[in-house]
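Results of the structural survey
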Amino acid sequence: MPSHLFADRPAQPPEPGSVDALISQTRRLRGDVDAVRRDTVVDDDDAQGRWQRALCDLAVHHLDDLREHLGQLKEGLPPAPDAGAFPQQAAPEAAPEAQTRVGSAEWNLLTDEVSWSDELFQIFGRSPEAGALPLDELGSTLFSEDQPLLTAWVTACLVDGRPIDGEFRIVRADGRVRTLHMRGEPVLDSDGCTASMWAVLRDVSELRRSQRAVRESRDSLQRQREIAQTEHRLAVELQEAVLPPWRGSLRFPHSDAGSLDVAAHYLPSATSALVGGDWYDALELPDGSSMLTVGDLTGHGVTATSGMAMMLGALRGMAMAGIAPGPLMGWLNQLLETSVQPALGSAVCCSYDPARRVLTWAQAGHPAPLLFRRGSGRALAPPEGILLGATSGATYGQAEERLEVGDLLVLHTDGLTPRSIEFSRADGTERLLALAPRLSAARSAQDCVRLVVEEFGEAEREDDACVLVARVGG
């Protein structure tokens with residue numbers, strides 16, 4: 001039903017072959033998008049997956065609408081000049097839902113005649129025998145909140161000649177609620193007076209549902225990202241507050257022979273935005289000995305970092321109280337077992353007596369310290385010890401190692417030498433031990449840490465890591 005307002009702007013009808021080509025392209029594209037939608041795996045906790053699936057649904061609805069409009073355009077085209085020159089191509093079969101998405105109507109103000117297309121009867125859920133609704137009764141099918149909108153649009157169209165372009169919700173006879181988009185214009189007679197009004201109404205219920213799903217899933221994804229960013233910031237701040245504040249090399253005790261030159265470094269994960277529960281520390285104890293430790297709690301984020309803070313605080317307190325490494329591990333195991341957030345942890349704790357140059361150490365399911373001496377290295381034989389938090393009442397053994405001037409100790413967490421199908425933990429240890437000549441030639445513990453970081457810092461690690469180096473002085 002063309003409007004008189006557009007009579008001075010005629011358009012050339014497209015060629016039938018071009019419309020057929022567009023229909024074919026639309027069908028192929030719709031199939032491709034539908035395949036992507038089916039392959040999108042979505043679970044309850046995957047906000048990004050839900051957002052991607054909602055976008056695919058929205059794209060499918062748009063393509064269905066495009067295919068329907070092209071089909072209607074094709075039906076209105078004149079026949080091709082030479083029917084034998086081109087093979088007849090059947091019109092694409094529209095989905096049942098798509099067949100009733102667009103309808104048209106015209107209300108004649110002079111004769112009170114109303115003309116509805118068959119599609120519009122289907123959209124309103126109204127039988128043709130019941131007749132089309134006149135303008136003054138059309139509002140009775142709308143939501144009460146939307147009725148004033150339609151009244152204002154129709155009045156402006158009939159009185160002021162303004163086109164209608166808006167949406168409203170209707171309640172069908174079967175109780176289903178649909179959202180319709182209406183575009184309409186007045187049709188003027190030869191005197192410039194409004195003789196009738198035509199409109200095209202489109203059922204956009206599924207389209208709007210898909211758009212809402214996209215918005216909601218996008219907002220959910222954004223909230224999850226903001227929560228993750230906040231959690232990461234809190235975890236980093238907590239980690240920085242708990243880990244030792246010293247940078248560079250640390251030397252203690254300051255005056256005695258056999259003092260230690262200590263340096264350490266934290267390596268963040270290359271694949272995770274969340275901070276893990278790795279720690280390192282070195283303390284000079286009241287009796288003149290030194291405590292060295294590295295460890296790791298399972299998990300990431302604030303939970304793991306707060307657990308690490310609890311464990312490291314307890315470890316420092318017990319070491320200052322003079323508790324030996326073996327019993328200290330037992331107390332840490334009990335603490336972790338009874339914590340509010342159950343977790344597993346691994347750790348190594350060393351007590352170094354500078355007067356005797358004796359290292360006493362214990363471990364809980366952790367890589368053993370590596371000892372480098374005169375250009376070669378080896379892993380210390382580990383005493384008994386299982387993961388922290390694995391079982392109650394676990395006992396942890398102790399081992400002793402007499403050190404010499406120039407000896408180098410390397411303590412690290414498991415993430416420094418990441419395991420994979422190609423590489424085991426033993427392979428990572430061998431890579432560390434292969435650094436023996438270079439580590440022995442280094443001038444300080446800080447230089448040794450730099451060598452280790454250069455060797456392992458660029459690896460695509462799935463977990464963060466810590467490394468601590470201690471060199472025995474003369």
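Above this note sits the structure.
My aim in this report is to walk through the structure given alongside it, one point at a time. (Residues numbered from 1 in each chain as written. Predicted model: local features only at pLDDT ≥ 70, side-chain atom pairs only at ≥ 80, totals over all residues. Heavy atoms only, no water.)

Turning our eyes to something else, we now look at the packing of helix H7 (residues 301-320) against helix H8 (residues 325-337). At a minimum axis distance of 10 Å, the contact between H7 and H8 shows a crossing angle of 145°. Here H7 and H8 pass one another in a crossing that is right-handed. Contacts from Met310, Met311, Ala314, Leu315, Met318 and Ala319 of H7 reach H8 at Leu328, Trp331, Leu332, Leu335 and Leu336. Looking at the contact of H7 with H8 residue by residue, the class counts come to 11 nonpolar, no polar and no charged. (Axes fitted to C-alpha atoms, helices over the stretch in contact; angles between N-to-C directions. Helix = DSSP H or I, 4+ residues; strand = E, 2+ residues; numbered from the N terminus. Left-handed = near helix turned anticlockwise from the far one by under 90°. Contact = heavy atoms within 4.5 Å. Nonpolar A, V, L, I, M, F, W, Y, C, P; charged D, E, K, R; others polar.)

This next bit is on a negative patch on the surface. Judged by side-chain charge, Asp112, Glu113, Asp136 and Glu137 come together as a negatively charged surface patch. Examined against the element boundaries, aspartate 136 turns out to sit in helix H4 (residues 135-138). (Patch = residues over 30% accessible without salt bridge, like charges linked within 9 Å, V, L, I, M, F, W, Y side chains within 5 Å. Areas by Shrake-Rupley, 256 points an atom, 1.4 Å probe, with all protein chains shown as cover. Salt bridge = Lys/Arg side-chain N within 4 Å of Asp/Glu carboxyl O. Lys, Arg positive; Asp, Glu negative; His and termini not counted. Charge placed at Lys NZ, Arg CZ, Asp CG, Glu CD.)

Attention now moves to the sheet that holds strand E5 (residues 194-203). With respect to topology, five strands assemble into an open sheet ordered E2-E1-E5-E4-E3, the strand pairing being antiparallel. Each edge of the sheet is formed by a strand with only one pairing partner; in this case those strands are strand E2 (114-116) and strand E3 (164-171). Across this sheet, the average inter-strand angle for adjacent strands is 25°, counted without regard to direction. Note that E3 and strand E4 (residues 177-188) share eight bridges and pair antiparallel. Each bridged residue has a counterpart across the sheet, and for aspartate 165 the counterpart in E4 is arginine 183. Strand contacts of helix H5 (residues 147-160): E3, E4 and E5, with the helix running at about 145° to E3, the strand carrying the most contacts. (Pairing = 2+ DSSP bridges.)

All right, on to the packing of aromatic side chains then. Under the defined criterion, the tally for this structure stands at three aromatic pairs. Taken together, Trp116, Phe121 and Phe124 form an aromatic cluster joined through their ring pairs. (Phe/Tyr/Trp six-rings, centres within 6.5 Å; stacked < 30°, edge-to-face > 60°.)

Moving on: the environment of alanine 470. Inspection of the secondary structure assignment puts alanine 470 in strand E16 (residues 465-472). Counting along the chain gives 22 residues from alanine 470 to cysteine 448, while the straight-line C-alpha distance between them is 9.2 Å. Alanine 470 has contacts with Leu260, Asp261, Val262, Leu292, Asp407, Leu408 and Leu409, leaving out every residue within four places of it along the chain.

Our next topic: H7. Between its terminal C-alpha atoms H7 stretches 28 Å, which fits the 28 Å expected from 20 residues at 1.5 Å a residue. Of the surrounding elements, those touching the buried residues of H7 are helix H6 (205-242), strand E8 (276-284), strand E9 (290-300), H8 and strand E10 (345-353). One or two steps after H7, the chain reaches glycine 322, where phi turns positive at roughly 90°. (Expected span 1.5 Å × (residues − 1).)

Strand order in the open sheet formed by six strands is E6-E7-E16-E15-E12-E13, and the pairing between neighbours is antiparallel. In the strand order of this sheet, the two ends are held by strand E6 (250-252) and strand E13 (376-379), each with one partner. Going across the sheet, the axis of each strand differs from the next one's by a mean of 20°, ignoring polarity. Sheet topology note: the strand E12 (residues 370-373)/strand E15 (residues 408-412) ladder contains three bridges and is antiparallel. Among the inter-strand pairings, leucine 371 is bridged to a residue of E15, identified as leucine 409.

Another aspect to go through is the pairing of strand E11 (residues 358-364). Of all seven residues in E11, seven are buried; the element is thus mostly enclosed. Side chains Val358, Thr360, Ala362 and Ala364 project from E11 onto one buried face, and the interleaved Leu359, Trp361 and Gln363 project onto a second face that is buried too. Where E10 and E11 come together, seven bridges link them in antiparallel fashion. Looking at E11, one finds that cysteine 350 is bridged to tryptophan 361. (Buried < 20%, exposed > 50% of the residue type's maximum accessible area, 1.4 Å probe, protein only.)

The next subject is the side chain of glutamine 363. Here glutamine 363 shows up in strand E11. At 2.9 Å, the side chain of glutamine 363 forms a polar contact with the backbone nitrogen of glycine 365. From its side chain, glutamine 363 meets the backbone oxygen of glycine 385 in a polar contact 3.3 Å long. Among residues more than four places away in sequence, those in contact with glutamine 363 are Met329, Ala347, Val348, Pro382, Pro383, Glu384, Gly385 and Tyr396. (Polar contact = N/O pair within 3.5 Å; in protein donor to acceptor, adjacent residues only side chain to side chain.)

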